[in-house]
Amino acid sequence: MNIQSGIHHNHLLAIKSGASVRSINRWKATYQSQGLDGLLRDNRGGDFRSQLETADKERISQKLKDPKNGLRTYKEAQQWLKSELGIEKQYNTVRMYLKRNFGTKLKVGRKAISKRTKRRLILLKKLIKHARRH
C-alpha cells in the first residue's frame, strides 16, 4: 500500500488509531522525510514547571517582586532564567509560565510617557515651591 494512499485510508487509520486525520497526515510526512527515527523523536517542549525546583520558583518570585532590580520585560525574564538558572526556554513559554504561575504583566513604559511624567514632576515641584512662598 502506498504511503500517500488517499483521504479514505487516512480516515480509516484515524478511526482505528483514535488519532485525528491531521495527525495521520503529519506522521506520514514525518516518516517520509525522516524515517522511523523521526517518528520516535520527541520534539515537544516538555513541562516547564517540572524542570523547576522549589528553590528556583522562589528565586523567580523574589526577582519578580524586587522593586529595584526586578524583571521589567519577558525578554529580560527569558535572559535571566538562562543566565541565573540555566533554563533556556522560548519567549512565549516563559511569558505564559510567568503569567499563569505568578500573574505577571511585565511592560515597559514608552519613552514619551516617561518624559511627560518627568515634566509633570518638575512642574509639581515648582508649584509646591511657589505655594510655600505665599
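Rules and cut-offs
Residues numbered from 1 in each chain as written. Predicted model: local features only at pLDDT ≥ 70, side-chain atom pairs only at ≥ 80, totals over all residues. Heavy atoms only, no water. pLDDT = per-residue confidence, 0-100. Helix = DSSP H or I, 4+ residues; strand = E, 2+ residues; numbered from the N terminus. Phe/Tyr/Trp six-rings, centres within 6.5 Å; stacked < 30°, edge-to-face > 60°. Buried < 20%, exposed > 50% of the residue type's maximum accessible area, 1.4 Å probe, protein only. Salt bridge = Lys/Arg side-chain N within 4 Å of Asp/Glu carboxyl O.

Colleague: Just to check I follow, could you spell out the confidence of the model for the chain for this structure?
Modeller: Close reading of the predicted structure is inappropriate where its pLDDT is low. Overall, the prediction assigns the chain a mean pLDDT of 83, with 83% of residues at 70 or greater. Looking at the elements of the chain, mean pLDDT is at its lowest for helix 6 (residues 111–133), recorded as 79, and at its highest for helix 4 (residues 74–85), recorded as 94.

Colleague: Any chance you could explain the packing of aromatic side chains here in plain terms?
Modeller: Applying the stated criterion across every chain, the model contains two aromatic pairs. Seen from their ring centres, Tyr74 and Tyr91 are 6.4 Å apart, and the 90° between their planes marks the pair as edge-to-face. One end of the pair, Tyr74, is in helix 4; the other, Tyr91, is in helix 5 (residues 91–102), and 17 residues separate them in sequence. Note on Tyr74: relative accessible area 7%, which makes it buried. Between Tyr97 and Phe102, the ring centres sit 5.9 Å apart and the planes meet at 70°, which makes this aromatic pair edge-to-face. The class for Tyr97 is buried, based on a relative accessible area of 6%.

Colleague: What am I meant to see in the pattern of salt bridges here?
Modeller: Proximity of charged atoms lets side chains of opposite charge pair with each other. Per the counting criterion, the structure on display carries three salt bridges. A salt bridge links Arg72 to Glu76, with the nearest nitrogen and oxygen atoms 3.4 Å apart. The partly exposed category is assigned to Glu76, whose relative accessible area is 22%. Note that Glu88 and Lys82 form a salt bridge whose closest N and O atoms lie 3.7 Å from each other.

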